[in-house]
Amino acid sequence: MQAVDAAVLVAAAVSDSNILGKHRLMSDTKPVVEVTGLRKTYVMGKTEVHALQGVDMTIRQGELVAIMGTSGSGKSTMMNIIGGLDYPSSGTYLLDGIEVNKLGKNELADIRNQKIGFVFQGFNLLARTSAVENVELPLLYDRTHKIKNHRQAAIDSLELVGLGDRTDHHPNELSGGQQQRVAIARALVTNPSLILADEPTGNLDSRTTVEVMQLFQELNKKGITIILVTHEDEVSRYAKRIVVLRDGRIIRDETQVPDSASDDIAKLILKQKREMETAPVSAE
Ligand SMILES: Nc1ncnc2c1ncn2[C@@H]1O[C@H](COP(=O)(O)OP(=O)(O)O)[C@@H](O)[C@H]1O
Ligand SMILES: [Mg+2]
């Protein structure tokens, strides 16, 4: 009976992925990120490090992009600029059509708060604060006050990531995967144009990694634009587009039909059930 249930689950996931797998062209959605001739040079005493050496890239609404490349290739530099945490040395960056390099520090902070949700490798949750309070935090800094009821927005956001029943838990009462989902809820609470995630699964085991990627795929299906940095093929195979950096330049930029994370989870469940069924009955 259990095996039948699992088979149904797999069939459902596979048919779901067939709908998903149909390649939707993004060329007619609006650009969220447009960088042109982007350069970043770090000056350290007499030496210069050319971290970005002329990057051109457009990312449109509804994309799910993995930025890849070896250590030192410029991924974090690029994410910092796209995230409005740093300025380029030259080149232009438009976020939702706004020329970010021309903004002052305060304006930049506002744009960052309104338009970008950040997810980090180490979750970055406040330890002595409940899940719902962690998720509310970005709203404290929202000077537009477009969201009136912070608590309700945070609860809605936690429900979106499947943690509606964990609102009062503290981070140490949650698994790593759940903590990262709280962090994703926090990134979503301001209704940003863009989610930026730097190695979001770097601290998670392989099963939890697939679960977090399933969540990103679900959110992306709802139209949320996501850019994530990863060096793992296990993560990038769930992206619709892969951009590879080397020495501060894009050396590859390709779209792909992503694997379905929910499909992979269904397969894992099926495998576990098979193993349980064939395991010898214990005498306990
Ligand atoms: N704040 C900084 N000051 C000086 N050099 C830096 C700084 N940040 C990064 N770099 C250098 O820029 C290059 C790209 O770094 P980074 O963007 O962190 O790459 P990645 O994230 O792909 O590992 C590296 O050579 C790195 O040493
Ligand atoms: Mg980095």
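The structure presented is a predicted model; accordingly, all values stated were derived computationally and were not measured.

(A) Local environment of the pairing of strand E1 (residues 31–44). Here E1 runs beside strand E2 (residues 47–60); their pairing, made up of eleven bridges, is antiparallel. Within the sheet, the bridge partner assigned to Thr-41 lies in E2 and is His-50. Counted between consecutive antiparallel strands, the loop separating E1 from E2 contains two residues, among which Gly-45 sits at a positive phi close to 60 degrees. Where E1 meets strand E4 (residues 90–95), five bridges bridge the pair, whose relative direction is antiparallel. From the neighbouring strand, Arg-39 faces E4, where its bridge partner is Ser-90.

(B) A look at the sheet that holds strand E3 (residues 64–68). Pairing in this open sheet of six strands is mixed, and the strands run E6-E7-E8-E3-E9-E10 from one edge to the other. The sheet is open, and its two edges are formed by strand E6 (116–120) and strand E10 (249–255), each paired on a single side. Direction aside, neighbouring strands of the sheet carry axes that sit 15 degrees apart on average. In this structure, E3 lies alongside strand E9 (residues 241–246), joined through four bridges in parallel fashion. Its bridge partner being in E9, Ala-66 is matched across the sheet by Ile-242.

(C) Representation of the environment of Val-35 in the model. For Val-35, the position within the fold is in strand E1. For the pair formed by Val-35 and Tyr-93, sequence separation is 58 residues and the distance between their alpha carbons is 4.5 Å. For Val-35, the residues in contact, after removing those within four places along its chain, are Val-55, Asp-56, Met-57, Gly-91 and Tyr-93.

(D) Here's a closer look at helix H4 (residues 131–140). The buried count for H4 comes to seven of ten residues, which makes it a mostly enclosed element. For H4, every residue scored as buried is listed here: Ala-131, Val-132, Asn-134, Val-135, Glu-136, Pro-138 and Leu-139. Those residues of H4 hidden inside the fold are in contact with helix H3 (105–115), helix H5 (150–160) and helix H6 (176–188).

(E) Quick look at the site of ligand 1. Close contacts around ligand 1 come from Tyr-42, Met-44, Val-49, Ala-51, Gly-69, Ser-71, Gly-72, Ser-73, Gly-74, Lys-75, Ser-76 and Thr-77, and that covers them all. At the level of secondary structure, the elements contributing two or more residues to the shell around ligand 1 comprise E1, E2 and helix H2 (75–82). Looking at the shell around ligand 1 residue by residue, the class counts come to four nonpolar, seven polar and one charged.

Reading the values: rules and limits
- Residues numbered from 1 in each chain as written.
- Chains lettered and ligands numbered in written order.
- Predicted model: local features only at pLDDT ≥ 70, side-chain atom pairs only at ≥ 80, totals over all residues.
- Pairing = 2+ DSSP bridges.
- Helix = DSSP H or I, 4+ residues; strand = E, 2+ residues; numbered from the N terminus.
- Axes fitted to C-alpha atoms, helices over the stretch in contact; angles between N-to-C directions.
- Contact = placed C-beta atoms within 7 Å.
- Buried ≥ 20, exposed ≤ 12 C-beta atoms within 10 Å, placed from the backbone.
- Near = placed C-beta within 6 Å.
- Nonpolar A, V, L, I, M, F, W, Y, C, P; charged D, E, K, R; others polar.

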